[in-house]
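If you want the building blocks of each chain, they are given just below.
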Amino acid sequence: MKNGLMLFLGLLAAMLIPWSAIVLGANHELGRQPAYYDDNDSQAYPLRPSGIAAEGEQVYRGLNCAACHTQQVRRDGYGSDVARGWGDRQSVARDYIFRANPELGALRIGPDLANLAGRKPTAPDIDDLYTLLYEGQGAMPPYRFLFQYRKIIGQRSDDALQLVGRYEPRPGYEVVPTRAAQRLAGYLLSLNSTYTYPEARAAAPAAGEGRK
Amino acid sequence: MTLASTPTAETPAAPAEVTVVETAGRVPLLLLAGSAIAWLLVSGILALASSIQLVHPDFLSGWSFLSYGRLTALAETAFIYGWVGNAGLTVALWMLGRLSGEPLRAPNWLLAGASFWNFSLLLALIGIAIGYGTAVPFFELPTVTIPILFLSYAAMAIPGVLAWVGRRRDLMFASQWYAVAALFLFPWILAVGYFMLDKIPVQGAVQAVVGGWYAQALWTVWMAPLALAGAYYVVPRVTGKLLPAYDSAVLGFWVLVVVGGFTGGRHLIGGPLPAWVASVAIVTTFLLLVHYVVVLLNLRVAWGGGGTALKFIGLGLFCYVLGGFADAVTSVRGVAVSTQFTFFDVAQTQLALYGGVTLMLLGALYFALARILGRPWCSAGLIRAHWALTVLGLAAVVICLAVAGLRQGADLNNAQVSFAAIADDTRPWLVGAVAGAAALLLGNILWALNLAGTAAAMVREELFAS
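About the cut-offs
The residue numbering used here restarts from 1 in each chain and proceeds along that chain's sequence as written. Key to labels: chains lettered from A, ligands numbered from 1, both in the order written. Only residues with pLDDT of 70 or above have their local features reported here, since the model is predicted, and side-chain atom pairs are shown and tallied only from 80 upward, although totals for entire chains, interfaces and linings are computed over all residues. The secondary structure listing takes helices from DSSP runs of H or I that are at least 4 residues long and strands from runs of E that are at least 2 residues long, numbered from the N terminus. Only C-alpha atoms enter the radius of gyration, while the globule expectation follows 2.2 Å times N to the 0.38, with N the number of residues. Each residue is classified by how many other C-beta atoms fall within 10 Å of its C-beta atom, where C-beta atoms are placed from the backbone; a count of 20 or more means buried, 12 or fewer means exposed, and values in between mean partly exposed. Whether two residues are in contact depends on their C-beta atoms, placed from the backbone: they are in contact if these lie within 7 Å. In this count, Pro and Cys sit with the nonpolar residues alongside Ala, Val, Leu, Ile, Met, Phe, Trp and Tyr, while Asp, Glu, Lys and Arg are called charged and the others, Gly among them, polar. Linking buried Ala, Val, Leu, Ile, Met, Phe, Trp, Tyr and Cys residues through C-beta atoms within 7 Å yields a set, and such a set is a nonpolar core. Every residue gets a pLDDT, meaning the predictor's confidence in that residue, from 0 to 100. Angles shown run from 0 to 180 degrees and are taken between the N-to-C directions of axes, each axis being a line fitted to C-alpha atoms and, for helices, limited to the stretch in contact. Here the word oblique covers every angle except those under 35 degrees (roughly parallel), over 145 (roughly antiparallel) and from 65 to 115 (roughly perpendicular). Crossing chirality is assigned from the near helix's rotation relative to the far helix, an anticlockwise turn below a right angle marking it left-handed and a clockwise turn marking it right-handed. For a helix, the expected span equals 1.5 Å multiplied by the number of residues minus one. Two axes define the bend at a residue: one fitted to the seven residues ending there, one fitted to the seven starting there, and the bend is the angle between them.

Enquirer: Sorry, what's going on with the overall build of chain B here?
Expert: The helix and strand tally for chain B stands at 15 helices and 0 strands. Its C-alpha atoms give chain B a radius of gyration of 22 Å, within 12% of the compact-globule value 23 Å for 466 residues. Seen through its principal axes, chain B has C-alpha atoms that stretch 70 × 45 × 45 Å. Sorting the 466 residues of chain B into buried and exposed places 59% on the buried side. Long-range contacts, defined here as pairs at least 24 residues apart, represent 84% of the contacts in chain B between residues at least 6 apart.

Structure (structure tokens):
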């Protein structure tokens, strides 16, 4: 190579081609997906997240929970995602349209959370989540800095954790979630992808069809 | 373009061929190299702490800024933008300067750029520690720091671009193509990440495509080219031979920069995006093997020669090529179902970033710093210890994480195995990875001591002389 200008222009072209094909291509195909209106339910899906869930998404992001948890269920037969009860169907792009920063994740040191609040037969409730976050479990570290250990003044708080055994606070003390913990729990409890969009049905010939 | 850079007889005992590039550009180049080593140590400490947390989740869990997610993000950011960025630019600018035959022009831009780059990186790490990171792999940088990083990178690139434009001969060598690609294209990648993920983010799942493209582009047109620029310059210098099959080097270069950008979607196999995103990535990951084969053919002479620089570059070359083939194999859907989302993926990243890029940069820096300081390294024993600890540590980290990943993958695919059982299954191997991370950190501390000793000897001599 002798010509510096050609190298420079070649580099720009080499960058432009894959970027337009992959990034702009995907954005063109999926960047403006609407919610899916279901006539039977008179309701559009996915539901818009509540205010606390949207705030909690930023807590999840700031703690980089995605270092250990994915939020994407793969189709039945590819991996054990469905068999583990993480969801009844594969995740599709429409699941994420109202997420400010979807956290698909790349590592599963812990379970997938895409459909945490819609798991069957039992989804965790807010007390389960608080206890898990406070105590940790197995490979999951405790997140005690999301809680406040304090002396009970007057009446015991309604939000206080029901801890038993090792982590039970001393008499006269209680453990209450901070605002960040409430937001995070609100977000986790909003993770529900039970509604099946046309494009998420497992029928083989129609896979990828059904976008409106 | 059949000529490799003109080989000169390499006298192993410096002060060999110290040129005006080294004497005139000493201060800014040493600022870059010193920052690189500092970040390497910082990221080593952070990576060691986070690997301990995988074995003992309670370790340091009481502090929010040291929780596992943030520690991994901190270690990765310090490594990529701190170590690879500073070290890669040291090598690239030094090499471009040498091939221009004149002192680096605009050295003050380099000084200012390097200061701002490292200062804003420090701000970025503080931001991640207090929860402003973005949680996108390789792009955890808090949004506010990106414009400063962008501008300071541009300032640092100016001397390199001037040296390239003012090169003595029209003919360009492979090392120059790679260095120029890294100088020009990094700001584009950073700008795409800034706008498409942070400022005016694309909708929902498309962000995963942008994130995948970003991480891959950072690898194929920034980190890998910086490392290859050093290797393509140093190997013919030290061996004194023309690179074999040098005619094909141009093919290897263009395949990397064109095809590499298509391969980002291979981490999205089975994900919520249309199948073409993953399929294109799988096909192009195999196509990219052309690049790895060409690099192997060109640089294989590094395995024949002695000397510290060639040892590091030779092992780096092996890891780099092995990493390329591992990427291809694990991008096949039938393999990915067992390796995706596991520590095997982490092992591959370590193999590429630590094995490939870092070892090649270390080799080039061993060669370059002896000339920039104008004297041989002060302790041969420390060099041997650094080499031994690096080989041991790297092998422990990559092999242990790979085995842990294979066990984890088999367990994950069996819905009957609980996460507690998976943790028990992988723990012994994760302990091995902790030992490897400790060995790598110790080796790098010894290297930093060696550099400090050599620099101190230089300063003493200069003071004595004046």
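Having seen the model, we can carry on.
Enquirer: Would you explain the overall build of chain A in this entry?
Expert: Counting secondary structure elements, chain A contains 4 helices and 4 strands. When its helices and strands are written in sequence order, chain A yields α-β-β-α-α-β-β-α. A compact globule built from 212 residues would reach a C-alpha radius of gyration of about 17 Å, whereas chain A, at 22 Å, exceeds it by more than 25%. The principal-axis extent of the C-alpha atoms belonging to chain A is close to 80 × 55 × 30 Å. Buried positions account for 38% of the 212 residues belonging to chain A. The contacts in chain A between residues at least 6 apart in sequence include a share of 72% that link residues at least 24 apart.

Enquirer: Quick question: what am I supposed to make of the interface of chain A and chain B here?
Expert: The accessible area lost on association of the parts is a frequent measure of interface size. Across the contact, 63 residues belong to chain A and 69 residues belong to chain B. Those elements that provide at least two residues to the side of chain A that touches chain B are α1 (4–30) and α2 (51–62) of chain A. If you tally residues by element for the side of chain A that touches chain B, the top one is α1(A), at 16 residues. Its residues placed into classes, the side of chain A that touches chain B shows 35 nonpolar, 16 polar and 12 charged.

Enquirer: Explanation requested: the nonpolar core in the structure shown.
Expert: Here is a general trend for soluble globular proteins: nonpolar side chains tend to be buried in one another's company. All names here are of chain B. Judged by nonpolar contacts, the single largest core of 222 residues is most densely connected at Val91, Ala92, Ala182, Ala229 and Ala231. A per-element tally of this core places helix α7 (residues 206–239) first, with 24 residues. Among all residues touching Ala182, those that are not within four sequence positions of it are Gly88, Ala92, Val221, Trp222, Pro225, Leu226 and Ala229.

Enquirer: Just to check I follow, could you spell out unusual backbone geometry for this structure?
Expert: Leaving glycine out, the prevailing phi sign among residues is negative, and the prevailing peptide bond configuration is trans. Geometrically, the link from Tyr45(A) to Pro46(A) is a cis peptide bond, its omega value of -5 degrees lying close to zero. With respect to the secondary-structure elements, Pro46(A) resides in the loop between β2 (43–45) and α2. Put simply, Lys120(A) and Pro121(A) share a cis peptide bond, and its omega is 0 degrees. Within the fold, Pro121(A) resides in the loop between α2 and α3 (126–135). Despite not being glycine, Phe138(B) has its phi angle at roughly 70 degrees, a positive value. By the secondary structure assignment, Phe138(B) is in the loop between α4 (107–129) and α5 (146–165). The class for Phe138(B) is buried, based on 22 C-beta atoms found within 10 Å. One non-glycine residue, Phe341(B), lies in the positive phi region at around 65 degrees. Judged by C-beta crowding, with 26 C-beta atoms within 10 Å, Phe341(B) ranks as buried.

Enquirer: Would you mind going over the environment of Ala302(B) with me for this structure?
Expert: Residues and elements named next belong to chain B. By secondary structure assignment, the location of Ala302 is in the loop between α10 (289–299) and α11 (308–331). Taking the C-alpha atoms as reference points, Ala302 and Val238, 64 residues apart in sequence, are found 8.8 Å from one another. Excluding anything up to four places from it in sequence, Ala302 contacts Val235, Leu310, Ile313, Gly314 and Leu317.

Enquirer: Sorry, what's going on with the confidence of the model for chain B here?
Expert: When pLDDT is low, close inspection of the predicted coordinates is not appropriate. Residues and elements named next belong to chain B. Here chain B averages 92 in pLDDT, and 96% of its residues register 70 or above. Note on residues 1–14: pLDDT under 50 across the span, and 33 contacts to partners over four residues away in sequence or across chains. If you check the scores for this complex, the pTM reads 0.93 and the ipTM reads 0.91.

Enquirer: I keep staring at the packing of helix α2 (residues 26–55) of chain B against helix α3 (residues 68–100) of chain B and nothing clicks. Help me out?
Expert: Helices that pack against each other are described as a pair by the angle of their axes relative to one another and the distance between those axes. All names here are of chain B. At a closest axis distance of 8 Å, the pairing of α2 and α3 adopts a crossing angle of 155 degrees. Overall, the two elements α2 and α3 adopt an arrangement that is roughly antiparallel. Crossing of α2 over α3 shows left-handed handedness. Residues that form the contact of α2 with α3 fall into these classes: 21 nonpolar, 8 polar and no charged.

Enquirer: Just checking my understanding: could you explain the environment of Thr342(B) for this structure?
Expert: Summarising the element assignment, Thr342(B) is placed in the loop between α12 (333–339) and α13 (343–372). Excluding residues within four positions of it along the chain, Thr342(B) makes contact with Gly405(B), Gln408(B), Gly409(B) and Leu412(B).

Enquirer: Teacher, can you tell me more about α7(B) here?
Expert: What sets the pattern is the α-helix's 3.6 residues per turn: residues three or four places apart point alike. Residue and element names in this part refer to chain B. Taking 1.5 Å of rise per residue, 34 residues should cover 50 Å, and α7 covers 48 Å from first to last C-alpha, within 8% of that figure. The principal kink in α7, of about 40 degrees, is found at Pro225. At the C-terminal side of α7, Gly240 shows a positive phi close to 70 degrees.

Enquirer: Please explain α11(B) as it appears in this structure.
Expert: The end-to-end C-alpha separation of α11(B) is 35 Å, in line with the 34 Å expected for 24 residues at 1.5 Å each. Summarising burial for α11(B): 18 of the 24 residues are buried, a large majority.

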